[in-house]
Amino acid sequence: MEATNIFKTKPKEQKSGIKKSFPVTGMTCAACASSVESILSHTDGVNKAIVNFASNSVLVDYDETISEEKLQNALREVGYDIIIDAEDPVEAQQELQQKHYQDIKNRTIWSAILTLPIFVLGMFFMQWVPGKWISLVLAIPILFWFGRSFFINAFKQAKRGKANMDTLVALSTGIAFLFSVFNTLFPEFWLNRAIEPHVYYEAATVIITFISLGKLLEEKAKSNTSSAIKKLMGLQPKTLKVIDNGEEKEIPISAVQVGQTILVRPGEKIPVDGEVTKGSSYVDESMITGEPVPVQKSREEKVFAGTVNQRGSFQFKAEKVGVETLLSQIIKMVQEAQGSKAPVQKLVDKIAGIFVPIVLGISIITFIVWMSMGGDNAFSQALLTSVAVLVIACPCALGLATPTAIMVGIGKGAENNILIKDAESLELGHKVNAIILDKTGTITEGKPLVTDIHWKRTLENKNKFKQLLLAIEAQSEHPLAEAVVNHFKEENIEKVEIASFESITGKGVQAKTENGSQYYIGNHKLMLEKNIQIDASLMQTAESLEEQAKTVIFFGNEIDVLAILAIADKIKETSKIAIATLQERDIDVYMLTGDNNKTASAVAQQVGIANFQGEVMPSDKAAFVKKLQSDGKIVAMVGDGINDSHALAQADVSIAMGKGSDIAMDVAKMTLITSDLQSIPKALALSKKTVLGIRQNLFWAFIYNIIGIPIAAGVLYPINGFLLDPMIAGAAMAFSSVSVVANSLRLKRIKL
């Protein structure tokens, strides 16, 4: 298959006002996120507002005519708020999330503790009168303190004329509780009519506890979203050393100014963007390019904030500081990309929006019909049937349909070395029709290795020359020298002593042995410069290796070349198989890399990828994701480096390689523990099976409601005199939940 270079697209520049991210308080569900977005978007002076429910933040694009206080007041009027005076918004947001998570955790634990005795009393001591009073006392804090968020949110929805899952929870638990209180306080009302006064405290409290547990699991996944931004910020040092009138001074990063001369020592992070003015070194720029080999920097070369200096010291002039640095731009882009993916209203919430009014309507109609046609016991029968309708339509099965399947799916993924952070990526995975792969560390191993050594045919005592190679390369600072040293160490080659060593910038090194013999290691240019002869067959081999995008190093003495070594980032054995599997499933596969086009082309051809692009910056990767999304594709991005973080945040489904950077793993919604790309087709297959399980669960939840609600309303009464007792309705509701959980557990047995 012939590989073709992808046309490079740049995002169009959009003119806008001030763009700022604010932490949001008061959001409890995806519907709240939609409300916050809608309110701010319709506020005068706001161009656009994008809510990220996962991180409880809103990115607002507004002009100078509106103040932050006005944005805050617009939300306060409807029960939400934004934090506008925080010194560090990311820190404030993280503290807010942690506090919210702890609050939900405490509420869930206490709900579970108090629900247990109510459940035992309701199931096994239902006729014991003191048990009803004990249940009443325990149920009050569960519903109206630990479960208060359901009632508050239902009220907010009602004010806007809407209904969601919280509405159904609040109505069913609230009415079941009030009905039970009436039966506890006035049991004679029913006893006088020869009807047993049942209570439903356990049904109400179990629902609150179950749904709270689901919210806790959701919040746990959300609480880690800002850690990627925090780690990106940690790449920039807090202080730096400037040269002022020949003296070295340490100043905070916030005090640095454009034009100042900055000193960087070995092992230090480069604090801001600039240009080298004195000295030289090798700099690890993998956070920008993704490439593992450090880049040589000398006078007039550009350096970037967050990259790491290796062995040498140098001075550079600051050109971009603060929010202007490339690192700050990457942080900003990751924040915006995460924010642009606020989850849409959940499927169950959409269903509940229709389902709740219908159930309420049926309950009211049931009451009216029985009042008009019920005869002597019209009121009691009207009340029982209308409550039975609300109890049997309880949202427990609906509420469990998605989270139980997701939990089992996530567990199944973990068994197969796939860690899944959130439900959204698992739900979207089966729709993926375009996948973008980073090259280094994803398709390839991610570290330079010696792949070939070819010696001069007539050479004798190769072991002696291996010892020389090891001794010379051990003293070199060049990053590729490390690959040679590691290779010979694995062969247990012993190092010999050399008399002198000298680095030849940009070409290689020269060394002299104790007996005065001169040796050279370097590129082709160095061999030509020193008039060292190269055997025709070795030269032909070198050219062939370079066509495979391998770096060729020549080793020679003063007369001729003794050996050539090829160094490359080795392609993983399973990459080609995994890519072929994805293509068989009609998924378009693309490769993007910061490496040169020649290397990109060679790797693409070897693994069977038709579309590739080399020499890309982090923003180019994200722009390409956006381009595919604008073409209607559901895009998965697979990467392992900091340079992939923006594209990972932008993609519909983001997958990080487990041996990659912490930041890539924090941004990505899926992490492959293994470096085997064959886990990707498995992850997408798992998504398909899980979504099928969710749909089956929703089907069973609705079947119970479709059959149960008419029976609860008394549709069988004219035929055989049967009226569904609310207690049986509660049991039917519980059975529907059991069937949903049992169906979810079937996912454990699937093969990927």
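As the structure is a prediction and not an experimental result, all values here were calculated from the model.

**Student:** Which residues make up a nonpolar patch on the surface, and what values do they have?
**Tutor:** Where nonpolar side chains cluster on the molecular surface, the patch consists of Leu116, Phe119, Val120, Met123, Phe124, Phe125, Trp128 and Ile134 and spans about 780 Å² of accessible area. With five residues, the top contributor of residues to the nonpolar patch is helix α3 (residues 89-124). Secondary-structure assignment places Phe124 in helix α3.

**Student:** An account of the pattern of salt bridges is needed here, citing residue identities and associated values.
**Tutor:** Throughout the structure, instances matching the rule amount to 17 salt bridges. Among the salt bridges present, the one from Lys249 reaches Asp244, with a minimum N-O distance of 3.2 Å. Here Lys627 and Asp631 are joined by a salt bridge, their closest N and O atoms 3.6 Å apart. One connected set of salt bridges, linked through shared partners, spans Glu275, Lys302 and Glu319.

**Student:** Summarise the sheet that holds strand β7 (residues 247-252); cite the residues concerned and give the values.
**Tutor:** Sheet architecture is open: six strands sit in the order β7-β6-β8-β14-β9-β12, paired in antiparallel fashion. Every interior strand has two partners, whereas the edge strands, β7 and β12 (302-303), have only one. Where strand β9 (residues 273-279) and β12 come together, two bridges link them in antiparallel fashion. Looking across to β12, one finds that Glu275 is bridged to Lys302.

**Student:** Lay out the UniProt feature "transmembrane region" (unreviewed entry) in the protein with the relevant residues and their values.
**Tutor:** Feature annotation in UniProt places "transmembrane region" (unreviewed entry) on residues 108-127, 133-155, 167-186, 198-217, 351-373, 379-402, 698-720 and 726-745, given in this structure's numbering. With 95% helix and 0% strand, residues 167-186 has end C-alpha atoms that lie 28 Å from one another. The straight-line gap between the two end C-alpha atoms of residues 698-720 is 31 Å; of that span, 87% is helix and 0% is strand.

**Student:** Go over the nonpolar core, please, and point to the residues and values.
**Tutor:** Core analysis: the biggest nonpolar cluster contains 42 residues, and Ile435, Leu437, Ile443, Ile609 and Ile680 have the highest contact counts within it. Once residues lying within four places of it in the same chain are set aside, the contact partners of Leu437 are Ile443, Ile579, Val589, Tyr590, Met591, Leu592, Ile609, Val638, Leu677 and Ile680. Of all hydrophobic cores here, the second largest spans 29 residues; its members include Leu327, Met637, Ile663 and Ala668.

**Student:** Tell me about the pairing of strand β3 (residues 46-52), and name the residues and values.
**Tutor:** A regular strand places its side chains on the two faces of the sheet in alternate fashion. Of all seven residues in β3, five are buried, a share of seventy percent or more. When β3 meets strand β4 (residues 57-62), the two strands line up antiparallel, connected through six bridges. Residue pairing in the sheet places Val46 in a bridge with Tyr62 of β4.

**Student:** Can you explain the packing of helix α17 (residues 462-474) against helix α18 (residues 479-490)? Please cite residues and give values.
**Tutor:** Packing of α17 against α18 brings their axes to within 9 Å, and their N-to-C directions diverge by 140°. With respect to each other, α17 and α18 are oriented oblique. Here the hand of the crossing between α17 and α18 comes out left-handed. Counting all contacts with α17, which are made through Lys466, Leu469, Leu470, Glu473 and Ala474, the residues of α18 involved are Ala481, Val484, Val485 and Phe488.

About the cut-offs
Sequence order as written defines residue numbering, which begins from 1 separately in each chain. In keeping with the model being predicted, local features are shown solely for residues with a pLDDT of at least 70 and side-chain atom pairs are shown and tallied solely at 80 or more, while totals for entire chains, interfaces and linings include all residues. Based on all heavy atoms of the structure, the side-chain values leave hydrogens and waters out of the count. A patch is a set of surface residues, each over 30% in relative accessible area and not in a salt bridge, joined within 9 Å for like charges and within 5 Å for the nonpolar side chains Val, Leu, Ile, Met, Phe, Trp and Tyr. Method for areas: the Shrake-Rupley scheme with a 1.4 Å probe, in which residue coverage is limited to the protein chains shown. Each reported salt bridge corresponds to a side-chain nitrogen of Lys or Arg within 4 Å of a carboxyl oxygen of Asp or Glu. Put simply, DSSP H or I for four residues or longer makes a helix, DSSP E for two residues or longer makes a strand, and each gets a number counted from the N terminus. Pairs of strands are assigned from DSSP output, requiring at least two bridges between the strands. UniProt positions are given in the numbering used here, feature names are shortened, and annotations may be inferred rather than shown by experiment. Side-chain atoms within 4.5 Å are what join buried Ala, Val, Leu, Ile, Met, Phe, Trp, Tyr and Cys residues into a set we call a nonpolar core. For each residue, the accessible area found with a 1.4 Å probe, counting protein chains only, is set against the maximum for its type, and the residue is called buried under 20%, exposed over 50%, and partly exposed in between. A contact between two residues is defined here by any heavy atoms of the two lying within 4.5 Å. For helices, the fitted line uses only the C-alpha atoms of the stretch in contact; every axis is such a line through C-alpha atoms, and the angle between N-to-C directions lies from 0 to 180 degrees. An angle below 35 degrees is read as roughly parallel, one above 145 as roughly antiparallel, one from 65 to 115 as roughly perpendicular, and any other as oblique. Should the near helix be turned anticlockwise from the far one by less than a right angle, the crossing is termed left-handed; should it be turned clockwise, right-handed.

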